[in-house]
Amino acid sequence: MISLATTDDIPALSELLSILFTQEAEFVANPSAQSAGLKAIIENPSVGRILKFEIEGEIIGMVNLLYTVSTALGARVAILEDMVVNPSQRSHGLGGLLLDAAIQQASQDGCRRMTLLTDCDNTKAMRFYERRGFIRSPMVPMRLLLNSSSRMNSAFSNHDEPSPSQ
């Protein structure tokens, strides 16, 4: 059964995220941060929704929908994140059901577009999403970590920047 997650689900959802983050190149599992992020989404539906896939009382899959506004569309859009099914439950079509539910939820919540990121070498995931109508974008994702001490240090070592006394 697929339904909206509650705060009671956070420990199981955090375990699924730990599985996901061991598979992704850019992220590292951090249960404390994961729990805080999950709680922030669950407690504020205007930020997004978390759907869980539960079988016989066990959460075996999840997906996050985060909401923002596209000025290009003049409407609400969704960012799909953290799509994961427990490895022991894969290859049974459950991921497709979870994705279909996420698309339906985003549509019900007034979204006009859904965007997602996947590792560039994860061809299996790319085929999965393409079979469900997603297309590759010519846009390239770029990230900047904010409030990072390494970022601050590199900013101060940049000789093109004027010093505070200039």
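Our subject in this report is the structure included herewith. This is a predicted model, so every value here is computed, not measured.

The rules we used
Residues numbered from 1 in each chain as written. Predicted model: local features only at pLDDT ≥ 70, side-chain atom pairs only at ≥ 80, totals over all residues. Heavy atoms only, no water. Helix = DSSP H or I, 4+ residues; strand = E, 2+ residues; numbered from the N terminus. Contact = heavy atoms within 4.5 Å. Areas by Shrake-Rupley, 256 points an atom, 1.4 Å probe, with all protein chains shown as cover. Buried < 20%, exposed > 50% of the residue type's maximum accessible area, 1.4 Å probe, protein only. Pairing = 2+ DSSP bridges. Right-handed = clockwise from strand over helix to strand, strands pointing away. Polar contact = N/O pair within 3.5 Å; in protein donor to acceptor, adjacent residues only side chain to side chain. Expected span 1.5 Å × (residues − 1). Arc of directions from axis to C-beta.

## Overview of the overall build of the chain
For step 1, the next point in the chain: Counting secondary structure elements, the chain contains five helices and five strands.
For step 2, the next point in the chain: Traced from its N-terminal end to its C-terminal end, the chain shows the element sequence β-α-α-β-β-β-α-β-α-α.
For step 3, the next point in the chain: Here the analysis covers contacts within the chain between residues at least 6 apart in sequence; of these, 56% occur between residues at least 24 apart.
For step 4, the next point in the chain: Summed over all atoms, the accessible surface of the chain reaches about 10900 Å², with 54% contributed by carbon and sulfur.

## Considerations on the pairing of strand S4 (residues 75-85)
The two faces of the sheet receive side chains in turn, since in a regular strand these alternate between them.
For step 1, the next point in the chain: Among the eleven residues of S4, eight are classified as buried, and the element is accordingly described as predominantly covered.
For step 2, the next point in the chain: Pairing analysis gives nine bridges linking strand S3 (residues 58-70) to S4, with the strands arranged antiparallel. By the bridge assignment, Gly61 is partnered in S4 with Val85.
For step 3, the next point in the chain: Between S3 and S4, which pair antiparallel and follow one another directly, the connecting turn spans four residues, one of which, Gly74, has a positive phi of 65°.
For step 4, the next point in the chain: With respect to chirality, the unit in which S4 leads through helix H3 (residues 94-108) into the neighbouring parallel strand S5 (residues 114-116) is right-handed.

## Focus on the side chain of Ser70
For step 1, the next point in the chain: Within the secondary structure, Ser70 is located in strand S3.
For step 2, the next point in the chain: From its side chain, Ser70 meets the backbone nitrogen of Leu73 in a polar contact 3.1 Å long.
For step 3, the next point in the chain: Leave out the neighbours within four places in its chain, and Ser70 touches Ala75, Val77 and Arg113.

## Quick look at helix H2 (residues 31-42)
Two residues of an α-helix separated by three or four positions point the same way, owing to the 3.6 residues in each turn.
For step 1, the next point in the chain: In this model H2 runs 16 Å from its N-terminal to its C-terminal C-alpha over twelve residues, within 8% of the 16 Å that 1.5 Å per residue would give.
For step 2, the next point in the chain: Of all the residues in H2, the buried ones are Gln34, Leu38, Ile41 and Ile42. Relative to the axis of H2, the buried residues are bounded by an arc of 95° and lie together on one face.
For step 3, the next point in the chain: The inward-facing, buried residues of H2 contact helix H1 (10-23), strand S2 (48-55) and S3.

Just distances and angles here, no functional claims.
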